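# Architecture at a glance
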Amino acid sequence: QLQNKILILTICAAGIGGTFQYGYNISIINAPASYIQTFMNTTWLERTGVPLESNVILLLWSFTVSAYPLGGLTGAVVAGPMAIMLGRKMSLLLNNVFVIVAAALSGFSRMAKSFEMIMLSRFFTGVNAGVSMNIQPMYLAESAPKKLRGAVALTSASFTALGLVLGQVVGLREFLGREESWPFLLASNVVPALIQLTALPWFPESPRYLLIDRGDKESCISALQKLRGTSDLSAELEEMLAEQAAVKGQRAKNPWELFQNPSLRWQLVSIVVLSSAMQLCGNDSMYFYAAYVFQEAGIPRDKIPYVVIGTGSCELITSVTCNMIIDYAGRRPLLLGGYIFMAGWAIVFMVALSQQTQISWMPYLSMACIFAYILSFGIGPAGVTGVLPTEVFDQMSRPAAYMICGSLLWFNLFLVGTAFPFIVKSLAHFCYIPFLVVCVCTALYVGFFLPETKGKSFLEISEEFKKRNFKTKTRSGFYKGPEEIKTTTL
């Protein structure tokens, strides 16, 4: 069907320059780390005649690495106003400017003999990722039909995982992982940006944004026709009109207004818990451990990068699997299962690490734990967390909710990245205890407090949360259908 094709192509056009960049830019920085540090030292030596001390090089390198989450935090904060003022699609298109600037800075850094350009480049790359991580799931979930909403919004996680794997592949010595080609490796993120700039303008803006934010019914119908074809649109349009009537006279909310609003209490607690847990569950730290564990398992040092690609592929496979089952299994079982399994594997992993030198087959168990942990993360938390803000907030609160989510995500990424080496130093083999606590607490929260949102309209979901926020059952009941709409004037 042509319409399904258009929806699939819209997903690809949004994803390739969107969350794909987040995964890609996280992994391309790993391969040239030692070359960039050498470049910093030689540049400083040429400027001052004095080489840098090793701890200063390490400090400059950590500045370069942390510029990325700092940029991401900035991007998450500007994403809300961008989505409201420019629309979802235009924001994604304009967002590519940051990557093009970043690619130019890192691509010419060696020629200009400036390592500061690399730091600045990583900051702009982070801004791009921060914006796309917020706006892409919003754009896709608002454009998808109700029965496919989870699967479509979840493609954001699949594109992140795809970016991660491709970044690892491009960083191999056979491609751009050699010393002379690191500026090209860092600038290669301009390719997905150019693909998106060419492809995305051909696809429609979010129909919900056009109707509810802009009040443009004709454009909304035309966008829906492009996305759904000639099938009967009346039911979907009525649902949107009901949502428009529910938020009539309201303006887009600011993040602090969400905290002051008692009717959004549980929605806010849910996304704060889940967004924080996504980074604090220790999944990214598994990648930190991967090389060490694989080396202990007897894999030759020069073969380790190829095995590490296996870990990224794990996340890709599970996020694609999750895509297929989310609208059948529901959101809660995937989140609950993911965090319970991660808690289990964290315990096994710590035991395996502590016995690594005593028992000959323990390194292989550690290796299995790394894959199992990443698989458990990919099947639920990795994707479902990004879908929820779209489902549990109405059109006027959604951009602000994504700003809160995105800010927490990037702040926690920075926090874990900074604190993890110290956690390893102080807790040694038991460094996963903090992550285990996070997984158990999150699983308990999901089990007891998070309602299922599968197959429900946005109005039905907000009605369910209303009951939780005010405890007493609301009188109005669920939205019943067309008879309420007949009086709605646009």
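Thresholds applied
- Residues numbered from 1 in each chain as written.
- Predicted model: local features only at pLDDT ≥ 70, side-chain atom pairs only at ≥ 80, totals over all residues.
- Heavy atoms only, no water.
- Helix = DSSP H or I, 4+ residues; strand = E, 2+ residues; numbered from the N terminus.
- Rg over C-alpha atoms; globule rule 2.2 N^0.38 Å.
- Buried < 20%, exposed > 50% of the residue type's maximum accessible area, 1.4 Å probe, protein only.
- Contact = heavy atoms within 4.5 Å.
- Areas by Shrake-Rupley, 256 points an atom, 1.4 Å probe, with all protein chains shown as cover.
- Lys, Arg positive; Asp, Glu negative; His and termini not counted.
- Charge placed at Lys NZ, Arg CZ, Asp CG, Glu CD.
- Axes fitted to C-alpha atoms, helices over the stretch in contact; angles between N-to-C directions.
- Parallel < 35°, antiparallel > 145°, perpendicular 65-115°, else oblique.
- Left-handed = near helix turned anticlockwise from the far one by under 90°.
- Nonpolar A, V, L, I, M, F, W, Y, C, P; charged D, E, K, R; others polar.
- pLDDT = per-residue confidence, 0-100.
- Phe/Tyr/Trp six-rings, centres within 6.5 Å; stacked < 30°, edge-to-face > 60°.
- Lys NZ or Arg CZ within 6 Å of the ring centre and 35° of its normal.
- Salt bridge = Lys/Arg side-chain N within 4 Å of Asp/Glu carboxyl O.
- Core = buried A, V, L, I, M, F, W, Y, C linked by side-chain atoms within 4.5 Å.
- Domains from an automatic or database assignment.

What follows concerns the overall build of the chain. For the chain, the helix and strand inventory stands at 23 helices and zero strands. Taken over C-alpha atoms, the radius of gyration comes to 23 Å for the chain, in line with the 23 Å a tight globule of 490 residues would show. Its C-alpha atoms put the chain at 75 × 50 × 45 Å along the principal axes. Burial statistics for the chain: of 490 residues in total, 55% are counted as buried. Across the chain, the fraction of contacts at a sequence separation of at least 24, relative to all contacts at a separation of at least 6, is 82%. Within the structure as shown, the chain displays about 20,700 Å² of accessible surface, and the carbon and sulfur contribution to it stands at 69%. If the 37 positive side-chain charges of the chain are averaged to one point and the 30 negative ones to another, these points end up 3 Å apart.

Right, let's talk about the packing of helix α7 (residues 116–143) against helix α21 (residues 398–427) for a bit. One way to put it is that α7 packs onto α21 with a least axis distance of 10 Å and a crossing angle of 140°. For the element pair α7 / α21, the angle class is oblique. In terms of crossing hand, the pair formed by α7 and α21 is right-handed. When α7 is examined against α21, the residues Gly126, Ala129, Gly130, Met133, Asn134, Pro137, Met138 and Glu142 are found in contact with a partner set consisting of Arg398, Pro399, Tyr402, Met403, Gly406, Leu409 and Trp410. A per-class count over the contact of α7 with α21 returns nine nonpolar, four polar and two charged.

With 95% of its residues at a pLDDT of at least 70, the chain reaches an overall mean of 89. The lowest-confidence element of the chain is helix α16 (residues 283–296), averaging 77 in pLDDT; the highest-confidence one is helix α6 (residues 96–107), averaging 98.

A full pass over the atoms with the stated rule returns 14 aromatic pairs. When the ring of Tyr445 is compared with that of Phe449, the centres are 5.3 Å apart and the planes differ by 40°; the resulting orientation is tilted. Taken together, the residues Tyr445 and Phe449, both in helix α22 (residues 433–449) and four residues apart, mark about one turn of the helix. The class of Phe449 is partly exposed, set by a relative accessible area of 35%. A connected cluster of aromatic rings, assembled from ring pairs, spans Phe349, Tyr373, Phe420, Tyr432 and Phe435. The aromatic ring of Phe458 is capped on one face by Arg149, whose charged end is 4.5 Å from the ring centroid.

On to the pattern of salt bridges. Applying the stated rule across the entire model yields 15 salt bridges. The salt bridge partner of Glu142 is Arg88, with a shortest N-O separation of 2.9 Å. Taken together, the residues span a long stretch of sequence, with Glu142 in helix α7 and Arg88 in helix α5 (residues 88–94) at a distance of 54 residues. Glu142 gets classed as buried once you look at its relative accessible area, which sits at 0%. Take Arg88: its relative accessible area is 0%, and that puts it in the buried class.

Let us look at the environment of Ile28. Secondary-structure assignment places Ile28 in the loop between α2 (19–27) and α3 (33–48). Take Ile28: its relative accessible area is 0%, and that puts it in the buried class. Separated by 154 residues in the primary sequence, Ile28 and Trp182 place their C-alpha atoms 9.4 Å from one another. Residues in contact with Ile28, not counting those within four places in the same chain, are Gly167, Leu185 and Leu186.

Let's shift gears to the packing of helix α4 (residues 54–86) against α21. With their axes 8 Å apart at the nearest point, α4 and α21 run at an angle of 180° to one another. Between α4 and α21, the crossing angle belongs to the class labelled roughly antiparallel. On α21, the residues that touch Ser66, Tyr68, Pro69, Gly72, Leu73, Ala76, Val77, Gly80, Pro81 and Ile84 of α4 are Pro399, Met403, Gly406, Ser407, Trp410, Phe411, Leu413 and Phe414. A class-by-class count of the residues in the contact of α4 with α21 yields 13 nonpolar, five polar and no charged.

Attention shifts here to the nonpolar core. Judged by nonpolar contacts, the single largest core of 73 residues is most densely connected at Tyr289, Tyr339, Phe349, Trp410 and Tyr432. Considering every element that reaches this core, the biggest residue donor is α21, with eleven residues. Counting contributing residues, this core receives three or more from each of domain 1 (1–203) and domain 2 (257–470). Ignoring any residue separated from it by four or fewer positions in sequence, one finds Tyr289 in contact with Phe349, Leu353, Ile370, Phe420, Val424, Ala428, Cys431 and Tyr432. Counting residues in hydrophobic clusters, the runner-up holds 42 residues, among them Ile6, Leu60, Leu93 and Ala144.

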